[in-house]
Amino acid sequence: MKIAVIGGTGLIGSQVVKILNASGHEAVPQSPSTGLDLLSGRGLPEALKGVNVVVNLTNSPTFDDASPAFFQATMDNLLTGAIAAGVGHAVILSIVGADQMPGLVYYRAKVLQEDILKAGPVPYSIVRATQFFEFIDAMLSETADENTVRLPATLVQPIASADVAQAVADVSVGAPLHATRNVAGPEVFALDELGKITLAAHGDHRTVVTDKGAGMFASASGDALIAKDGAVIAKTAYREWLAR
Ligand SMILES: NC(=O)c1ccc[n+]([C@@H]2O[C@H](COP(=O)([O-])OP(=O)(O)OC[C@H]3O[C@@H](n4cnc5c(N)ncnc54)[C@H](OP(=O)(O)O)[C@@H]3O)[C@@H](O)[C@H]2O)c1
């Protein structure tokens, strides 16, 4: 199959391109550096020419109030381009529990992205993943100072980006799901515990202070960010990944 991977130079996209090409498909990375700007639509007809499947792994440059406009414009352009090019399957990557985090504008933007795809005429699949292992250091630094890292005890079920990429690749070469597939890591952690494990692995002697109001996930209630029944559970464990 010929597969356009938009955002194919990013963390997930670059791994998806490798997996697909290694399994005999023709996956082509697309991004501003290869001449495609999905925000304006520049380069899209060329990028989708002769393509069977389009995988959209772009990300908004900011996670703030500008993110809904990014996902709205890029998804509108993607659908227009996919219809014109006769693409038979569009795949996006969203976030487990995105619809249960109304206090986070970036998560609302991801739900908007999903809704545009679902409402359009192009056969689709949505993969929802939990937080990537690679994202955890950035999350800790958000509420850190010289001596402490403040974190709520919010439950999370993080996953290795390599496992997310495999799940996206698997869905991309299958029949359109017309539904959402959830993928998550093998273990559930309280975020403050995850912080302690992470700092210890880095030899970082700062103290984790449990603070239910700290950081972007303070507003998550109960099991909002945890994969529910039917999710694909990935193999890579966090401590094993940290030790690599
Ligand atoms: N972080 C998490 O824990 C998490 C969890 C679940 C789902 N997700 C979702 O996973 C997706 C991929 O995330 P990621 O971490 O792989 O992102 P990333 O590393 O930031 O990569 C983003 C990609 O999008 C491309 N891009 C940006 N603006 C573009 C535009 N206007 N037109 C075309 N391409 C554009 C970038 O190209 P350049 O390299 O040229 O800039 C890059 O290839 C995101 O949609 C995110 O919401 C993330």
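Please refer to the structure higher up on the page.
The shown structure was predicted, so the numbers you read here are calculated from the model rather than taken from an experiment.

> An account of the packing of helix α1 (residues 11-22) against helix α6 (residues 161-172) is needed here, citing residue identities and associated values.
The geometry of α1 relative to α6 is characterised by a closest axis approach of 8 Å and an angle of 55° between their N-to-C directions. Classified by the interaxial angle, the pair formed by α1 and α6 is oblique. Viewed along their axes, α1 and α6 form a crossing whose handedness is right-handed. Contacts from Leu11, Ile12, Gln15, Val16, Ile19 and Leu20 of α1 reach α6 at Ser161, Ala162, Val164, Ala165, Gln166, Val168 and Ala169. A per-class count over the contact of α1 with α6 returns ten nonpolar, three polar and no charged.

> Any details on the nonpolar core? Residues and values, ideally.
Membership of the largest hydrophobic core comes to 31 residues, with the highest contact counts inside it found for Met101, Tyr107, Phe217 and Tyr238. Among the secondary structure elements, those contributing two or more residues to this core are α3 (67-85), α4 (105-119), α5 (136-142), β6 (148-151), α7 (191-201) and α8 (238-242). Phe217 has contacts with Met101, Leu104, Tyr107, Gln131, Phe135, Met139, Pro152, Thr154, Leu191 and Leu225, leaving out every residue within four places of it along the chain. Val17, Val91, Ala129 and Ala234 belong to the second largest nonpolar core, which has 24 residues in total.

> Explain unusual backbone geometry residue by residue, including any values.
Backbone geometry places His178, a non-glycine residue, at a positive phi of 50°. With respect to the helices and strands, His178 occurs in the loop between α6 and β8 (180-184). Residue His178 is classed as partly exposed on the basis of its relative accessible area of 47%.

> Quick rundown of the sheet that holds strand β1 (residues 2-6)? Include the residues and the values.
With parallel pairing, the seven strands of this open sheet are ordered in space as β2-β1-β3-β4-β5-β8-β11. With one partner strand each, in any of the chains shown, β2 (26-30) and β11 (232-233) form the two edges of the open sheet. Here strand β5 (residues 124-129) runs beside β8; their pairing, made up of four bridges, is parallel. Bridging from a neighbouring strand, Arg128 pairs with Asn182 of β8. Sheet strands touched by α4: β3 (53-56), β4 (89-95) and β5. Its angle to β4, the strand with the most contacts, is close to 160°.

> Tell me about the packing of α3 against α4, and please be specific about residues and values.
Running from N to C, α3 and α4 point in directions that differ by 15°, and their axes come no closer than 8 Å. The angle between the axes of α3 and α4 places the two elements in the roughly parallel class. Helix-helix and strand crossings are classified by hand; for α3 and α4 the assignment is right-handed. Seen from α3, the contacting residues are Ser67, Pro68, Phe71, Gln72, Met75, Asp76 and Leu79; seen from α4, they are Val105, Tyr106, Ala109, Lys110, Leu112, Gln113, Ile116 and Leu117. Here the residues of the contact of α3 with α4 sort into ten nonpolar, three polar and two charged.

> Describe the site of the ligand, naming the residues involved and giving the relevant values.
Taken together, 26 residues are adjacent to the ligand, and Thr9, Asp37, Thr58, Tyr106 and Lys110 come closest. Contacts to the ligand include Asp37, whose side-chain N or O atom sits 2.8 Å from a nitrogen atom. Between the ligand and Asn59 there is a distance of 3.4 Å, counted from an oxygen atom to a backbone nitrogen or oxygen. Against a free-state accessible area of 940 Å², the protein chains account for coverage of 80% of the ligand. When contributions to the shell around the ligand are tallied by element, the ones reaching two or more residues are α1, β4 and α4. With three residues, the top contributor of residues to the shell around the ligand is β4. Its residues assigned to classes, the shell around the ligand comprises 14 nonpolar, ten polar and two charged.

> Give a description of the environment of Ala27 that names residues and reports values.
Take Ala27: it is sitting in strand β2. Expressed as a C-alpha distance, the spacing of Ala27 and Ala201, which sit 174 residues apart in the sequence, is 36 Å. Among all residues touching Ala27, those that are not within four sequence positions of it are Ile3, Val5, Val17, Leu20 and Asn21.

> So what's going on with the pattern of salt bridges? Residues and values would help.
The final tally for this structure, using the stated rule, is seven salt bridges. Note that Asp204 is salt-bridged to Arg206, the shortest N-O span being 2.7 Å. A residue is classified by how much of its surface remains accessible, and Arg206, at 29% relative accessible area, is partly exposed. The salt bridge partner of Arg244 is Glu240, with a shortest N-O separation of 3.3 Å. Of the residues examined, Arg244 reaches a relative accessible area of 66% and is grouped as exposed. Taken together, the salt bridges that share partners define one network made up of Asp99, Glu114 and Arg128.

Basis of the calculations
- Residues numbered from 1 in each chain as written.
- Predicted model: local features only at pLDDT ≥ 70, side-chain atom pairs only at ≥ 80, totals over all residues.
- Heavy atoms only, no water.
- Axes fitted to C-alpha atoms, helices over the stretch in contact; angles between N-to-C directions.
- Helix = DSSP H or I, 4+ residues; strand = E, 2+ residues; numbered from the N terminus.
- Parallel < 35°, antiparallel > 145°, perpendicular 65-115°, else oblique.
- Left-handed = near helix turned anticlockwise from the far one by under 90°.
- Contact = heavy atoms within 4.5 Å.
- Nonpolar A, V, L, I, M, F, W, Y, C, P; charged D, E, K, R; others polar.
- Core = buried A, V, L, I, M, F, W, Y, C linked by side-chain atoms within 4.5 Å.
- Buried < 20%, exposed > 50% of the residue type's maximum accessible area, 1.4 Å probe, protein only.
- Pairing = 2+ DSSP bridges.
- Near = heavy atom within 4 Å.
- Polar contact = N/O pair within 3.5 Å; in protein donor to acceptor, adjacent residues only side chain to side chain.
- Areas by Shrake-Rupley, 256 points an atom, 1.4 Å probe, with all protein chains shown as cover.
- Salt bridge = Lys/Arg side-chain N within 4 Å of Asp/Glu carboxyl O.

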